[in-house]
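# Observations on chain architecture
The chain contents come next:
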Amino acid sequence: MVMNPIEHVEFSTHVHATESELKVMRALLNLVPPQYRDGANIMKSEGQGHFGNDIRTVKMQFKGDDALEIAKYIFSIIDQLDREIVLVTINSRFGDGKLYLRFNKQLAYNGVARLDDGDDVIKVIVRFNHWVIKNEGIENVIKQLMPH
């Protein structure tokens, strides 16, 4: 893998009115390598939930070499079973050059990265460079990002 296969990595989640924003931020930051946590540019936006309750969205985005490091990190902190799940479910998780992952927010707060398809999750979108996918295939690229 000579060139960087990843364009950017985006993290997003919701802070519900009943949640501590600091705890949600900690959960979000626990999914990135320690050296990126202090300087992370976290964007916040206000909105409303289905029932008119206030809901805040928090997002982080990383590009270039940082994005590559973060993608490798994510695949290094999930367990072997979750890595296999990603590969087995690739068709439902990958589309339009993007890999969609969802992580359990409560576990992320405790420093554990676990895939979760529930509602209260941290969404991670890994956007790949189209030429890499065309040349190598998404499965091969993802395998190269995983620890060997």
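Keep in mind that what you see is a predicted model, and the values were worked out from it rather than measured.

Cut-offs and rules
- Residues numbered from 1 in each chain as written.
- Predicted model: local features only at pLDDT ≥ 70, side-chain atom pairs only at ≥ 80, totals over all residues.
- Heavy atoms only, no water.
- Salt bridge = Lys/Arg side-chain N within 4 Å of Asp/Glu carboxyl O.
- Helix = DSSP H or I, 4+ residues; strand = E, 2+ residues; numbered from the N terminus.
- Buried < 20%, exposed > 50% of the residue type's maximum accessible area, 1.4 Å probe, protein only.
- Contact = heavy atoms within 4.5 Å.
- Arc of directions from axis to C-beta.
- Pairing = 2+ DSSP bridges.
- Axes fitted to C-alpha atoms, helices over the stretch in contact; angles between N-to-C directions.

Scanning the entire structure with this criterion turns up nine salt bridges. A salt bridge links Glu19 to Lys105; the shortest N-O distance between them is 3.0 Å. You can see Glu19 sitting in the loop between β1 (6-16) and α1 (21-29) and its partner Lys105 sitting in helix α6 (residues 105-109), a full 86 residues away along the chain. Considered together, Glu19 and Lys105 belong to a single accessibility category, that of buried residues. When the shortest N-O distance is used, the salt bridge between Arg56 and Glu21 registers 2.2 Å. With Arg56 in strand β3 (residues 54-63) and Glu21 in helix α1, this pair connects stretches of sequence that are 35 residues apart. By relative accessible area, which is 27% here, Arg56 ends up partly exposed. Linked through salt bridges whose partners overlap, the residues forming this network are Glu21, Lys44, Glu46 and Arg56.

Note that His8 resides in strand β1. On the basis of relative accessibility, which here comes to 16%, the residue His8 falls in the buried class. Taking the C-alpha atoms as reference, His8 lies 18 Å from Val86; in sequence the two are 78 residues apart. Contact partners of His8, with chain neighbours within four places excluded, come to Gln61, Phe62, Lys63, Ala67, Ile125, Val126 and Arg127.

Moving on to helix α4 (residues 80-88). Along α4, the residues classified as buried are Asp82, Arg83, Val86 and Leu87. Seen from one end, α4 has its buried residues packed into an arc of 140 degrees, which puts them on one side. In α4, those exposed residues whose orientation departs by more than 90 degrees from the buried face are Leu81 and Val88. Looking at the packing, one finds that the buried side of α4 touches α3 (64-77), α5 (90-93), β5 (98-104) and α8 (138-145).

One open sheet accounts for six strands, arranged β2-β3-β1-β6-β5-β4; its pairing is antiparallel. The outermost strands of the open sheet, each flanked by one partner alone, are β2 (42-48) and β4 (94-95). Bridge count for β1 against β3 is nine bridges, and the pairing is antiparallel. Directly across from Phe11, in β3, lies its bridge partner Met60. Contacts from α8 reach β1, β4, β5 and β6 (121-128), with the element oriented near 115 degrees to β6.

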